[in-house]
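As a plain string of letters, each chain reads:
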Amino acid sequence: MLALLFAAAATVAAANGGGSAGSGPSAPAAAPRTPGLRSPDAGFARDMAVHHQQAVEMSFVVRDRTQDEAVRTLAYDIANTQANQRGMLLGWLDLWGLPKVVAGEPPMSWMGASGGHGGHAGHGADAGAAKPGALMPGMATKEELDQLGAASGRDAEVLFLQLMTDHHKGGVAMAEGCAQQCETPVERALAQGMVDAQSSELTLMADMLRQRGAAPRG
């Protein structure tokens, strides 16, 4: 996490003439453009930080509701990875001097920023609209989180895998949107990494559901 933040900061310093004193005179480099308040870069950082937080919460819940080592290991991996990525996203917002919450901004409105079609355009349509009671596509509702917290054993494992499958599908669509629309190279790279890792986990979770005589929802 810190390595990527330092890399971004180093890029800014280099672009502002942070070379060595002995490098000789050179034409001043143009400073990199800081993402705007409603840019895809900033919108993705804000929305994915919220999206990731729920995945972390669900992962910690299921670790207390089952003794199955495969599910507990997956939950730990998801919680650890997404907590670290969330820290990067919030760190970039701080680096850019942008707020973590923008009043009146609909979730995922940045998805259509380049196409001018409003929220849920482009890849947002692939994830579908958020279900009633959920903030963004793929996110669980309060009722579903309560069900997960009340379940145990196989029931908790199956519900977690189904909820996280939906969650990853929504997250992949969002990350694909940033990989195409965001202008900050390090953020695009992180988004593509999310696509690759979560797509792999979707395959794993489908196998784990089959082992438990279940399947992803809808």
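Above this note sits the structure.
The paragraphs below set out a description of the structure included in this document. (Residues numbered from 1 in each chain as written. Predicted model: local features only at pLDDT ≥ 70, side-chain atom pairs only at ≥ 80, totals over all residues. Heavy atoms only, no water.)

1. Quick notes on the packing of aromatic side chains
Then step 1. A full pass over the atoms with the stated rule returns one aromatic pair.
Then step 2. Measuring from centroid to centroid gives 5.6 Å for Phe44 and Trp110, while their planes differ by 80°, and the two rings are edge-to-face. Residue Phe44 is located in helix H2 (residues 40–63), and its partner Trp110 is located in the loop between helix H3 (69–96) and helix H4 (124–127); the two are separated by 66 residues in the primary sequence.
Then step 3. You can call Phe44 buried: its relative accessible area is 0%. (Phe/Tyr/Trp six-rings, centres within 6.5 Å; stacked < 30°, edge-to-face > 60°. Helix = DSSP H or I, 4+ residues; strand = E, 2+ residues; numbered from the N terminus. Buried < 20%, exposed > 50% of the residue type's maximum accessible area, 1.4 Å probe, protein only.)

2. Brief notes about unusual backbone geometry
Then step 1. Not every positive phi belongs to a glycine, and Met108 is a case in point at roughly 65°.
Then step 2. Considering the arrangement of structural elements, one finds Met108 in the loop between H3 and H4.

3. Things to note about the state of the cysteines
In protein structure, a disulfide is the covalent linkage between the sulfur atoms of two cysteines.
Then step 1. One pass over the full model with this rule turns up one disulfide.
Then step 2. Between the sulfur atoms of Cys178 and its disulfide mate Cys182 the distance is 2.2 Å. Its S-S torsion of about -120° marks the bond between Cys178 and Cys182 as left-handed, since a negative value means left-handed. Grouping residues by exposure puts Cys178 and Cys182 together as buried. (Disulfide = S-S within 2.5 Å.)

4. Re the environment of Arg33
Then step 1. By the secondary structure assignment, Arg33 is in the loop between helix H1 (2–15) and H2.
Then step 2. In sequence terms Arg33 and Glu183 are 150 residues apart; their C-alpha atoms lie 9.2 Å from each other.
Then step 3. Looking at Arg33, its side chain comes within polar contact range of the side chain of Glu183, at 2.2 Å. (Polar contact = N/O pair within 3.5 Å; in protein donor to acceptor, adjacent residues only side chain to side chain.)

5. Brief notes about helix H6 (residues 153–181)
The α-helix winds at 3.6 residues per turn, so residues separated by three or four positions along the chain end up facing the same way.
Then step 1. Taking 1.5 Å per residue, 29 residues should reach 42 Å; H6 reaches 42 Å between its end C-alpha atoms and fits that length.
Then step 2. A large share of H6 lies buried, amounting to 22 of its 29 residues. (Expected span 1.5 Å × (residues − 1).)

6. Some thoughts on the packing of H2 against helix H7 (residues 185–211)
Then step 1. Between H2 and H7, whose axes approach to 11 Å, the crossing angle comes to 35°. Like other packed secondary-structure pairs, H2 and H7 cross with a definite hand, here left-handed. Along the contact surface, H2 presents Asp41, Phe44, Ala45, Met48 and His52, while H7 presents Glu187, Ala191, Met194 and Gln198.
Then step 2. Residue composition of the contact of H2 with H7, by class: five nonpolar, two polar and two charged. (Axes fitted to C-alpha atoms, helices over the stretch in contact; angles between N-to-C directions. Left-handed = near helix turned anticlockwise from the far one by under 90°. Contact = heavy atoms within 4.5 Å. Nonpolar A, V, L, I, M, F, W, Y, C, P; charged D, E, K, R; others polar.)

7. Some words on the pattern of salt bridges
Should their charged atoms come close, side chains of opposite charge can pair.
Then step 1. Scanning the entire structure with this criterion turns up 13 salt bridges.
Then step 2. Of the charged contacts in the structure, one is a salt bridge between Asp94 and Lys100, with a shortest N-O distance of 2.5 Å.
Then step 3. Residue Lys100 is classed as partly exposed on the basis of its relative accessible area of 38%.
Then step 4. For Asp146, the salt bridge identified is with Lys142, shortest N-O distance 3.0 Å. In this pair, Asp146 and Lys142 both sit in helix H5 (residues 142–150), four residues apart, roughly one turn of the helix.
Then step 5. Residue classification places Asp146 among the partly exposed residues on the basis of a relative accessible area of 43%. (Salt bridge = Lys/Arg side-chain N within 4 Å of Asp/Glu carboxyl O.)

Don't take any of this as a statement about function, it's just geometry.
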